[in-house]
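Architecture and fold: a report
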Amino acid sequence: MGKVIVITSGKGGVGKTTSTANLGTALAMISKKVVIIDADVGLRNLDVVMGLESRVVYTSMDVIEKRCELEKALVKDRRVEDLFLLAASQRNRKDDIKPEQMLDICERLKEIYDFVLVDSPAGIEQGFHNAAAGAEEAIIITTPDVSAIRDADRIIGLLQNQDIEPINLILNRLSPTLVKKGNMISKNDVLDILNIDLLGIVPEDPGVIASTNRGVPLVHNDGSPGADAYMRIARRMIGQRVPIPEMRDDNFFSNILKWFSRNK
Amino acid sequence: MENSIVKLRGYKDGLHLIITPKVDLVEVETAINKLLEGMNQPLSGTSIHIDLTTSPLTSDDMKELETYLTENYDLVVSGVNILDENDESPILAAPATHSIAPNLQADDQPDFGQAKIVRQTIRSGQTTSCLTGSVLIYGDVNPGGEVVASGDIIVLGALRGNAHAGAHGKLSSVIIAMELVPLQLQIGTYVNRPPLGQKSRGYPEIARVGAEDVIIVEEFIKFN
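What comes next concerns the included structure. Predicted, not measured: the structure shown is a model, and the values here were computed from it.

1. Overview of the packing of helix H5 (residues 99–112) of chain A against helix H6 (residues 126–133) of chain A
How two helices sit against one another is set out by the angle between their axes and by the gap between those axes. All names here are of chain A. Packing of H5 against H6 leaves a shortest axis separation of 7 Å and a crossing angle of 30°. In this view, H5 runs roughly parallel relative to H6, as classed from their interaxial angle. In the crossing of H5 with H6, the sense of the turn from one axis to the other is right-handed. Residue-level inspection shows Pro99, Met102 and Leu103 of H5 in contact with H6, the latter providing Gln126, Asn130 and Ala133. In terms of residue class, the contact of H5 with H6 is made up of 4 nonpolar, 2 polar and no charged.

2. Considerations on the packing of aromatic side chains
Residue and element names in this part refer to chain A. If you walk through the whole model with that rule in mind, you get 1 aromatic pair over all chains. Note on Phe84 and Tyr113: the rings are 5.6 Å apart at their centroids and 65° apart in plane angle, and the pair reads as edge-to-face. Taken as a pair, Phe84 in strand E4 (residues 83–86) and Tyr113 in the loop between H5 and strand E5 (115–119) lie far apart in primary sequence, 29 residues in all. Residue class for Phe84 comes out buried when judged on its relative accessible area of 17%. Judged by its relative accessible area of 9%, Tyr113 is buried.

3. Regarding unusual backbone geometry
Residue and element names in this part refer to chain A. The residue after Glu165, namely Pro166, is reached through a cis peptide bond having omega 0°. Take Pro166: it is sitting in the loop between helix H7 (146–161) and strand E7 (167–174). Positive phi is not limited to glycine here, since Asp82 has a value of about 60°. On the secondary structure map, Asp82 appears in the loop between strand E3 (75–76) and E4.

4. Thoughts on the nonpolar core
Residues and elements named next belong to chain A. Counting residues in hydrophobic clusters, the biggest one holds 47 residues, and the most contacted among them are Ile37, Leu109, Val118, Ile140 and Leu159. The greatest single-element share of this core, amounting to 6 residues, is contributed by H7. Every residue in contact with Val118, bar those within four places of it in the chain, is listed here: Val4, Ile5, Val6, Ile7, Ile37, Ala39, Met102, Cys106 and Ala131. Counting 36 residues, the second-largest nonpolar core is a separate cluster that includes Leu27, Val75, Ile141 and Ala229.

5. Quick look at the environment of A:Arg236
Residue and element names in this part refer to chain A. In this structure, Arg236 sits in helix H11 (residues 225–237). In the structure, Arg236 is positioned 37 residues away from Leu199 in sequence and 7.3 Å away in space, judged by C-alpha atoms. Non-local contacts of Arg236, meaning those with residues more than four positions away in its chain, are made with Leu199, Gly200, Val242, Pro243, Ile244 and Pro245. There is a polar contact of 3.0 Å between the side chain of Arg236 and the backbone oxygen of Pro243.

Parameters at a glance
- Residues numbered from 1 in each chain as written.
- Chains lettered and ligands numbered in written order.
- Predicted model: local features only at pLDDT ≥ 70, side-chain atom pairs only at ≥ 80, totals over all residues.
- Heavy atoms only, no water.
- Axes fitted to C-alpha atoms, helices over the stretch in contact; angles between N-to-C directions.
- Helix = DSSP H or I, 4+ residues; strand = E, 2+ residues; numbered from the N terminus.
- Parallel < 35°, antiparallel > 145°, perpendicular 65-115°, else oblique.
- Left-handed = near helix turned anticlockwise from the far one by under 90°.
- Contact = heavy atoms within 4.5 Å.
- Nonpolar A, V, L, I, M, F, W, Y, C, P; charged D, E, K, R; others polar.
- Phe/Tyr/Trp six-rings, centres within 6.5 Å; stacked < 30°, edge-to-face > 60°.
- Buried < 20%, exposed > 50% of the residue type's maximum accessible area, 1.4 Å probe, protein only.
- Core = buried A, V, L, I, M, F, W, Y, C linked by side-chain atoms within 4.5 Å.
- Polar contact = N/O pair within 3.5 Å; in protein donor to acceptor, adjacent residues only side chain to side chain.

As structure tokens, this is what we get:
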């Protein structure tokens, strides 16, 4: 029996889809069976980021309206074994899906797969409630800026009301240089306010944009700081004890840390 | 038994609800509830006139009272009289922004003694309120979160959001937090906010209404 994890943030543009794509790929690379679900109905993104856009034939809407079997709607990844995508319909709207229908899909998928990752749309409306409906756990993505943190806090409150536990945090786009200069909210300040467990820190990485545009998740690009961070997070998700490296603007030190984490 | 806070009298122009002593809205509402529930026939749909004698209700309170009467008892308030019986009546129906402290005799008011204990962090968009007494929070109040109490507010954590103590006008109410870095504080009708960029000072602090009718914040050492 697998786990259903919703990946959400409240605010848009903080990296939910990028994180879902990368964590899904990373988990599949360490031999887990993974489905990633795009819950952003009406605005599908996950298939584009995964480079699977041209292979999408059926969407979750077709499954709900019984135009095809659930198994048939899953799109197999081009590169990694045991990674599948359930795409969102672009013709429908977020309120065309009901939470029970989403729950049903998640329940069926977790029978077969180790991880079911649900990419939530931004906002706190119907779309978010649908995405969270089938989830037992949540991963909150936030960037170190006040508005993203405020929205993350709001979302945590909503998830707690639905008894979703544990709720873990990924701090995305942390810039070591800016933190060092004191121009960015630090990791500790974010944790102080949100008061949930930190699953990992993803540093600002220019490679993200290029990988998104090429439709190849960053984790395939071994050695980039973002890819390493997502690989470490995936290992933590399967219960391995991988330390969270302190963010430093020191190449020598960070190289040593990288070397250590790669030899684990 | 004579109800001393509110009385119902029939006059030529209809029923009059007479509110007498110096009490706050909750007590008035409780008394009305007692009075009307004890009656044999419901007054539903009846139009009623409110007579204030010396009761220091603010205009906001009056509005709330009107909706209370309409919603709960289906009464129509046809008018409000301010009775000037003894010529030395205090400020009546004062606007909420006006200082009504001298007439409120706030400290004489019972606290109702029903505290609410919250064992979690109040996050952005969440509200916790206790209109029968004080609130005690084992956790933080994050920016965008709100706590309202008719008595005191005590936060065993960081208060980073909004807090409104003495919501019914009890100006002796205080707000205590282990870290007091709020967006806004309110005690009774007084509002204050810390200067922009205020950081936590690392010790517990207490906010109260000071002598100059402003909310002051000082280190919390002991309660007196």
